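# Architecture at a glance
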Amino acid sequence: MREHILVIDDDEKITSMLRRSLAFEGYSVTTANNGAEGLKQMLAMEPSLLILDVMMPHMDGWEVCRRIREGGSTVPILMLTAKDEVADRVRGLDLGADDYLVKPFALEELLARIRSLMRRRGDAAEQKTNRTQYDDITLDLDTREVIRSGKTIELTTKEFDLLHLFLQNPKRVLSRDIIMEKIWGYDYSGESNVLEVYIALLRQKLEEYGGKRIIQTVRGAGYVLRGE
């Protein structure tokens, strides 16, 4: 899926140039020629990145930026301005912009700024992977906390690791051998029914508050994480 960039600028020459150039670079592009219309599009689509001009009719870029951040969006914002003044740059950054570029600009520099912001966005997304969610279950690797339907579920270390394995492989049937290898290791020589015992304990805790069964038995094949 292509990254989607929204360009908000009242200069049609710039929006036309950016539409062609960004599309050539592989991005999906939408444009708006004033702040008010751009804000509506922004709220409707939540793009991968926003290129935002400062001086525009109806609503300037500063106001657009302020409203976007007040609404809770973390979309990367690259602001464009015709004035290279420190006060303007500071104002934009204080309102939540991520980067600033002065017109006229070189396309190569704009593309480099976009790539940088996309990488930072990707790094932030990777940091969030420590929290895994499926259906109404959320597991946090950092805090080792499990929540289902708003209720915290206390799990032992092995129960937590077992649930994490299922959450990493939703709707995939995991054989008994794979689970034993991942959770207990190759050299496990304990009780032969240890997996069945832990599956039963994990189900009991997950279903304690009326939650539906989400760890299913697939006869002759193993177990799978999915709703009934």
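Please refer to the structure higher up on the page.
Right, let's walk through the structure included here.

About the thresholds
Residues numbered from 1 in each chain as written. Predicted model: local features only at pLDDT ≥ 70, side-chain atom pairs only at ≥ 80, totals over all residues. Heavy atoms only, no water. Helix = DSSP H or I, 4+ residues; strand = E, 2+ residues; numbered from the N terminus. Rg over C-alpha atoms; globule rule 2.2 N^0.38 Å. Buried < 20%, exposed > 50% of the residue type's maximum accessible area, 1.4 Å probe, protein only. Contact = heavy atoms within 4.5 Å. Areas by Shrake-Rupley, 256 points an atom, 1.4 Å probe, with all protein chains shown as cover. Lys, Arg positive; Asp, Glu negative; His and termini not counted. Charge placed at Lys NZ, Arg CZ, Asp CG, Glu CD. Core = buried A, V, L, I, M, F, W, Y, C linked by side-chain atoms within 4.5 Å. Axes fitted to C-alpha atoms, helices over the stretch in contact; angles between N-to-C directions. Parallel < 35°, antiparallel > 145°, perpendicular 65-115°, else oblique. Left-handed = near helix turned anticlockwise from the far one by under 90°. Nonpolar A, V, L, I, M, F, W, Y, C, P; charged D, E, K, R; others polar. Pairing = 2+ DSSP bridges.

## Some remarks on the overall build of the protein
Along the protein, the regular secondary structure elements total 8 helices and 11 strands. At 25 Å, the protein has a C-alpha radius of gyration far larger than the 17 Å of a compact globule built from 228 residues. Taking the principal axes of its C-alpha atoms as reference, the protein extends roughly 75 × 35 × 30 Å. Put simply, the protein has 228 residues, and 41% of those count as buried. At a minimum sequence separation of 6, the contacts of the protein that also span at least 24 residues come to 54%. Accessible area for the protein stands at about 12,800 Å²; split by element, carbon and sulfur atoms hold 47% of it. Measuring between centres, the 33 positive side-chain charges of the protein sit 4 Å from its 38 negative side-chain charges.

## Topic: the nonpolar core
Of all hydrophobic cores here, the largest spans 26 residues; its most connected members are Leu163, Phe166, Ile179 and Ile215. Aside from chain neighbours lying at most four places away, what touches Phe166 is Leu174, Ile179, Ile199, Ile215, Tyr223, Val224 and Leu225. Counting 19 residues, the second-largest nonpolar core is a separate cluster that includes Leu50, Trp62, Ile68 and Ile77.

## Considerations on the packing of helix α6 (residues 157-168) against helix α7 (residues 176-184)
Helix packing for two helices is described by the angle between their axes and how far apart those axes are. Two numbers describe how α6 lies on α7: the axes approach to 10 Å, and their chain directions differ by 130 degrees. On the basis of their axis angle, the class for α6 and α7 is oblique. The hand of the α6/α7 crossing is right-handed. Here α6 contributes Lys158, Asp161, Leu162, Leu165 and Phe166 to the contact with α7, which in turn contributes Ile179, Lys182, Ile183 and Trp184. Split by residue class, the contact of α6 with α7 holds 6 nonpolar, no polar and 3 charged.

## Here's the deal with the sheet that holds strand β6 (residues 131-134)
Spatially, β6-β7-β8-β9 is the arrangement adopted by the 4 strands of the open sheet, whose pairing is antiparallel. Across the chains shown, the open sheet's two edge strands, defined by having one partner strand only, are β6 and β9 (151-153). Here the strands of the sheet are splayed against their neighbours by 25 degrees on average, with no regard to which way each runs. As paired elements, strand β7 (residues 137-140) and strand β8 (residues 145-148) share 4 bridges and run antiparallel to each other. Following the sheet pairing, Ile137 is matched in β8 by Arg148. With respect to the sheet, α6 is in contact with β6, β7 and β8, its orientation differing from that of β7 by roughly 115 degrees.

## A look at the sheet that holds strand β1 (residues 4-8)
Pairing within the open sheet is parallel, and its 5 strands lie in the order β2-β1-β3-β4-β5. In this open sheet, the two strands that pair with only one neighbour each are β2 (28-32) and β5 (99-102). Taking each pair of neighbouring strands and ignoring which way they run, the sheet shows an average axis angle of 20 degrees. Across 4 bridges, the pairing between strand β3 (residues 49-53) and strand β4 (residues 77-81) is parallel. Bridging from a neighbouring strand, Leu52 pairs with Met79 of β4.

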